Amino acid sequence: GDLLYKRHVRTGRFKKKQWKTRYFAVADRMLYCYNVSPADNAASRIVRSMPLEGAIIQDTEKPKYPHMFEVHNMDFLFRMRAANEEEKGKWMGVLKQESKANPVYPQSIGQDVDAGKNDKVGKVLAEHQGVKETVKSGQEAFSSSAVIQALSPSQRSRYEFYKQERDFVRALTGVAEMLRFKERDMRKKLAPGLMQKLEFPDCVYVPMCNSTDIWRRAHSTFYKETRVFNTKERCPTVMYFLTKRGEQLHHHRGGMKDVNLDVAEFLHLQYEVPDPPSGGGALAAAATKKKLKKKKKDFSMSNITEGEEEYEIADDEDEEDDDDDDDEEEGLDVGLWKETKEEDKVGKSSSDKAGTTRGNRQLKQFIRESVTQLPHKISQRIELRKNQSLAPKAFRDNLKKASSHQTSMSYLDHIPIVENRSEDESDAMSLDGHSVVSAGPGSVLLADGIVLTHDDHEKIDRESLNRAKAIVSGGETYSEQTARMLKEASTSTKNASDLDKDAATCEVLCVIAKSNDDLRQEVFIMQMIHFYKSVFAAASLPIWLKTYRILSTSKDTGLIEVLTDSTSIDGLKKSKGYPSTGGMRAYFEKVYGKPSSRSFQAAQRNFMLSLVGYSLVSYLLGLKDRHNGNIMIDTRGYLIHIDFGFAFGMAPGHEFSIERAPFKLTRDYMDVMDGEKSECFTEFKRLFVAGFEAARASSQVALGLVEIMMYKSNYPCFTGSRYGNGIALKRFEERLMLSTPDQKIRKKALNLILHSIEHTGTKAYDKFQHMTNGYAI
């Protein structure tokens, strides 16, 4: 309905707005503001929207006008005026109901139910949203919830794990969000205190990994090491966590420890369905089935048809067995993980369509597909791990046999996607008989207090790396930093006893939490970079690209992997030890030695190989905003590009952008490669042409990936009159030069290089960024 409202925008200061009459609607836990009622005018449009999750709805203090109330969250503050007190009460009741989380489906909307209309629904909703917290460590106990009580113990434990994990990740990005509203000079002082207050449930992890990566449980935070990056609109926060692995699990089977379990294996073993009681077989299964059936009768639920979101408790005398209930019970195979048969799924869907069924259909599907089943690939991998005592050849044959049934063909089969793990992260570190697979580039603290420090195997000598770390990483590598932090944790009175009692292996995990930033486009660009990394690897080209993890947790929050032992080109040139004259060439000679030395040549080749990779993807993916604050360099000479907010031709200034070069190739870069007539630059050109040809050979896959992601996309690079309606895809196809004959591609690729060297637009953009944001040239 219509309301008078006045909006305040939370920026550096409140900007006052005038009272306006607008049509408001509540749906999907959002408050939508229309210019006119959609029912009365076809031209109605949404002019404002506000998330209601966690919003505060309250009466206005000392109201200037009658019937005033406020709705506000971290971003907006709406002051509303209703026509009368009754209307005000109804609005506040609906908004308060929507601001509360549903225990099972937090993203689903709640309902403001008229008690006279449906007392049972109102009672259930009150139970869902009015229960006090009774569980320690921030766990919410919904003891009166019929849905939660209906879960079996194993289902309940998995539900609680998922909920705790979601809340933990939300708390991480919440720190960055809270700091964003503080004064910039106070953020660094407040960040450690906020991190110290973080709560760590019994089993959570930082989800910056794949399911096949090593499991590391988040134990505590090194809050004193917290760092923040001050910007006007955001406050990215660098967080350090003490993680543990190799802890005892599988308690009901006598205990088990394995420091090299991956995420999927650990979670399955930790939350697997318990074995049936002794005496087993059909009798045990029947007894359990009977027990489950009795339990289901106690908490059965009435039919909820498509579109309804209300719960209703069914009377016991109305309880009848139906096909849906039988299928549900048969789908629970006690003691075993069981794949749901395809015909069962078809039977369920057809019965749902045919008529009314008892129970919340969405909840049943959630439990059936997400809570009571183990993905087939994970069950295969766990079974094969149990047979690791087989001979290597037999083990490989067994693995091949286990996966032979997967014969589905796809167009991506000829481009194997490489693992997102660098060579220095895949080695096993050992000392005095201890062996543990490294889960990252940092150090590892063993149970007996020994700290294993990671050591790389590059051709660059130790003295050169020491000189590089003094300039790039402040005199301490990430491996040395984590070793120091682990030793401090092991010797501190508070942590020492806790670390020793379960004899776990400990590591440090570092992550950047961001808020007020949509990372979904950056996730996609990183996936495309990973794709091209796989293309170059399949073509046996030594082109180097760094793919790091980006996790978008909502439309404006996310987590980013920290690039260790590296700094931006801007930070490098502002460092104390950077040469005052001579540019990057002088830096390379100062750090890695004479041009004829092995270390210099290795670092120079690293620089060239990474420059080839990022020159190709910058051109192909149309990456812009390539100033020296968005290009990193590490201690071994590799370049790494970050921040992909401008991609597929989208650039600052749009059609007036001065970044006109195919990619960035400055005089600094050319000097590091010994100039245009050097062997290093000749190799650069050879690899660039070969990489471009490999990219063209896989163009149909790349175009398909982009076209899929463009469909109804809200990415800035695919929307609007400048880039939407397939414009970005068409330009991407033009950059691939698919209409050019193969025999002319080499000349076209070399012209791209020639056109990029010391391009006027590159120089102008670097100068513009230096004048406006202070980035070094």
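The coordinates are above.
What counts, and where the lines are drawn
- Residues numbered from 1 in each chain as written.
- Predicted model: local features only at pLDDT ≥ 70, side-chain atom pairs only at ≥ 80, totals over all residues.
- Heavy atoms only, no water.
- Core = buried A, V, L, I, M, F, W, Y, C linked by side-chain atoms within 4.5 Å.
- Buried < 20%, exposed > 50% of the residue type's maximum accessible area, 1.4 Å probe, protein only.
- Helix = DSSP H or I, 4+ residues; strand = E, 2+ residues; numbered from the N terminus.
- Pairing = 2+ DSSP bridges.
- Axes fitted to C-alpha atoms, helices over the stretch in contact; angles between N-to-C directions.
- Arc of directions from axis to C-beta.
- Contact = heavy atoms within 4.5 Å.
- Salt bridge = Lys/Arg side-chain N within 4 Å of Asp/Glu carboxyl O.
- Phe/Tyr/Trp six-rings, centres within 6.5 Å; stacked < 30°, edge-to-face > 60°.
- Lys, Arg positive; Asp, Glu negative; His and termini not counted.
- Polar contact = N/O pair within 3.5 Å; in protein donor to acceptor, adjacent residues only side chain to side chain.
- Parallel < 35°, antiparallel > 145°, perpendicular 65-115°, else oblique.
- Nonpolar A, V, L, I, M, F, W, Y, C, P; charged D, E, K, R; others polar.

## Re the nonpolar core
Okay, step 1: Ranked by size, the top nonpolar core spans 107 residues in total, and within it Tyr532 and Phe648 carry the most contacts.
Okay, step 2: If you tally residues by element for this core, the top one is helix α19 (residues 598-620), at 13 residues.

## Overview of the sheet that holds strand β20 (residues 631-634)
Okay, step 1: If you walk across this open sheet you meet the three strands as β19-β20-β21, and the pairing is antiparallel. Two strands bound the open sheet, and with one partner strand each, they are β19 (566-568) and β21 (639-641). Averaged over all pairs of adjacent strands, the angle between their axes in this sheet comes to 30°, without regard to strand direction.
Okay, step 2: Of the strand pairs in this sheet, β20 and β21 are connected by three bridges, and their pairing is antiparallel. From the neighbouring strand, Ile631 faces β21, where its bridge partner is His641.

## Some points on the environment of Ile56
Okay, step 1: Relative to the helices and strands, Ile56 resides in strand β6 (residues 56-59).
Okay, step 2: Distance in space between the C-alpha atoms of Ile56 and Val71 is 5.7 Å, their sequence separation being 15 residues.

## Here's the deal with helix α18 (residues 583-592)
In an α-helix there are 3.6 residues to a turn, and that puts residues three or four apart on one side.
Okay, step 1: Those residues of α18 lying buried are Met584, Arg585, Tyr587, Phe588, Val591 and Tyr592. All buried residues of α18 fall inside an arc of 160° around its axis, so they share one side.
Okay, step 2: On its buried side, α18 packs onto α13 (462-472), α17 (569-573), α19, β20 and α20 (667-672).
Okay, step 3: Where α18 terminates, the next one or two residues include Gly593, which has phi positive at roughly 100°.

## Re the pattern of salt bridges
Okay, step 1: This structure, assessed with the given rule, holds 31 salt bridges.
Okay, step 2: Among the salt bridges present, the one from Lys469 reaches Glu480, with a minimum N-O distance of 2.8 Å. Here the residue Lys469 occupies a position in helix α13, and Glu480 occupies one in helix α14 (residues 478-491), the gap between them amounting to eleven residues.
Okay, step 3: Of the residues examined, Lys469 reaches a relative accessible area of 11% and is grouped as buried.
Okay, step 4: The class for Glu480 is partly exposed, based on a relative accessible area of 30%.
Okay, step 5: Of the charged contacts, one joins Arg585 and Asp674 as a salt bridge, the two residues approaching to 2.3 Å between their closest N and O atoms. On the criterion of sequence distance, the pair formed by Arg585 in helix α18 and Asp674 in the loop between α20 and α21 (679-697) is long-range, its members being 89 residues apart.
Okay, step 6: Owing to a relative accessible area of 17%, Arg585 belongs among the buried residues under this scheme.
Okay, step 7: The class of Asp674 is partly exposed, set by a relative accessible area of 40%.
Okay, step 8: Salt bridges sharing partners connect three or more residues here, namely Arg667, Asp671, Glu676, Glu758 and Lys763.

## Let's talk about the packing of aromatic side chains
Okay, step 1: As enumerated under the stated definition, the model contains 28 aromatic pairs in all.
Okay, step 2: When the centroid spacing of 5.3 Å and the interplanar angle of 55° are considered together, the rings of Phe588 and Tyr592 count as tilted. Pair noted here: Phe588 and Tyr592 are both in helix α18, with a separation of four residues, about one helical turn.
Okay, step 3: Relative accessible area serves as the criterion here: at 1%, Tyr592 is assigned to the buried category.
Okay, step 4: Summarising the aromatic geometry, the rings of Phe648 and Phe718 are spaced 5.3 Å apart at their centres and angled 50° between planes, so their arrangement reads as tilted. On the criterion of sequence distance, the pair formed by Phe648 in the loop between β21 and α20 and Phe718 in the loop between α22 (699-710) and α23 (720-723) is long-range, its members being 70 residues apart.

## Overview of the side chain of Glu561
Okay, step 1: Residue position: Glu561 is located in strand β18 (residues 557-561).
Okay, step 2: This buried residue, Glu561, is left without a salt bridge; Lys546 holds the nearest opposite charge, at 4.3 Å.
Okay, step 3: Of note is the side chain of Glu561, whose polar atom sits 2.8 Å from the backbone nitrogen of Arg549.
Okay, step 4: Not counting residues up to four positions away in its chain, the partners in contact with Glu561 are Met208, Lys546, Tyr548 and Arg549.

## Some thoughts on the packing of helix α16 (residues 520-538) against α22
Okay, step 1: Close contact between α16 and α22 brings their axes to 11 Å; oriented N to C, the two are set at 170°. Classified by the angle between their axes, α16 and α22 sit roughly antiparallel to one another. Residue-level contacts link Phe524, Met528, Phe531 and Tyr532 of α16 to Val701, Ala702, Leu705, Val706 and Met709 of α22.
Okay, step 2: Its residues assigned to classes, the contact of α16 with α22 comprises nine nonpolar, no polar and no charged.

## Considering the environment of Thr221
Okay, step 1: Within the secondary structure, Thr221 is located in strand β9 (residues 217-221).
Okay, step 2: Under the relative-accessibility criterion, Thr221 is labelled buried at 14%.
Okay, step 3: Measuring from C-alpha to C-alpha, the distance between Thr221 and Lys197 comes to 9.5 Å, with 24 residues separating the pair along the chain.
Okay, step 4: Here the side chain of Thr221 touches Tyr240 through a polar contact of 3.1 Å, landing on its backbone oxygen.

None of this, on its own, says anything about what the molecule does.
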